[in-house]
Amino acid sequence: MSHVLTSSVLSDEGVMTLLNAAISAATAMGQPQCIVIVDQSGVTLGCFRMRGSRFQSLKSAGAKAQTAASIGAPSHSLPDHARVPLAIATDGGMTGLRGGLPIRVGGALLGGIGVGSGSGEQDEQVARAALKAIGADLD
C-alpha cells in the first residue's frame, strides 16, 4: 500500500531504560543532570531532573534533544552561522550546545536525547551511556 508507511518508535520500556541509564551514569560521575527524551517529531516522551541539577538545564536539555532529533545528528554539529538564527526562529527549541544526540537503532531515527547541567563533555557522556543501554547506534 503506497498510502501507509511502517516506522519504528521507542517503546515506553525503551524510554524508561534511557532515563534510568542516564541517571545511573550521571550518578556514577557525581554530576546531577536533566535528561529529556523526544520522539522523531520532537514530542517529549520522558524527562527527569535529578536533585541538585540546575533547573534551567531542563530547558536546554529539551532543546538539545529536539535539535538532535530534528537534524539527525549531535546538537553541537549545528553550524556556527545557523545557531543564533535557528534559536530565534524556534523560540529556543534548537541549540548548538553539546549534549544532544540522535536516537538511532538499525539506522532508523527514533528521536533524540538531551542532557544538561554538567559540562558539554559530561552531558554527552551521559547521553551515550543511555544510548548504549538500548543498543542504539553510537556513530
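Scoring rules and cut-offs
- Residues numbered from 1 in each chain as written.
- Predicted model: local features only at pLDDT ≥ 70, side-chain atom pairs only at ≥ 80, totals over all residues.
- Heavy atoms only, no water.
- Disulfide = S-S within 2.5 Å.
- Buried < 20%, exposed > 50% of the residue type's maximum accessible area, 1.4 Å probe, protein only.
- Pairing = 2+ DSSP bridges.
- Helix = DSSP H or I, 4+ residues; strand = E, 2+ residues; numbered from the N terminus.
- Axes fitted to C-alpha atoms, helices over the stretch in contact; angles between N-to-C directions.
- Parallel < 35°, antiparallel > 145°, perpendicular 65-115°, else oblique.
- Left-handed = near helix turned anticlockwise from the far one by under 90°.
- Contact = heavy atoms within 4.5 Å.
- Nonpolar A, V, L, I, M, F, W, Y, C, P; charged D, E, K, R; others polar.

**Comments concerning the state of the cysteines**
Cysteine pairs can be covalently joined through their sulfur atoms, and such a bond is termed a disulfide.
Here is step 1: Per the stated rule, a full pass over the model turns up zero disulfides.
Here is step 2: Looking at the unpaired Cys34, the closest cysteine sulfur is the one in Cys47, lying at 8.8 Å.
Here is step 3: A relative accessible area of 43% means that Cys47 is categorised as partly exposed.

**Concerning the pairing of strand 2 (residues 44-49)**
Here is step 1: With five bridges connecting them, strand 1 (residues 34-39) and strand 2 associate as antiparallel partners. Paired with Ile35 across the bridge in strand 2 is Phe48.

**A closer look at the packing of helix 1 (residues 12-29) against helix 4 (residues 120-133)**
Here is step 1: Remark: helix 1 packs on helix 4, axes separated minimally by 8 Å, with the N-to-C direction vectors making an angle of 135 degrees. With respect to their mutual orientation, helix 1 and helix 4 come out oblique. Considering only the axes of helix 1 and helix 4, their crossing is right-handed. Contacts between helix 1 and helix 4 involve Thr17, Leu18, Ala21, Ala22, Ala25, Ala26 and Met29 from the first element and Gln122, Gln125, Val126, Ala129, Ala130, Leu131 and Ala133 from the second.
Here is step 2: Residue classes in the contact of helix 1 with helix 4 are distributed as 11 nonpolar, three polar and no charged.

Worth remembering: the numbers are spatial, not functional.
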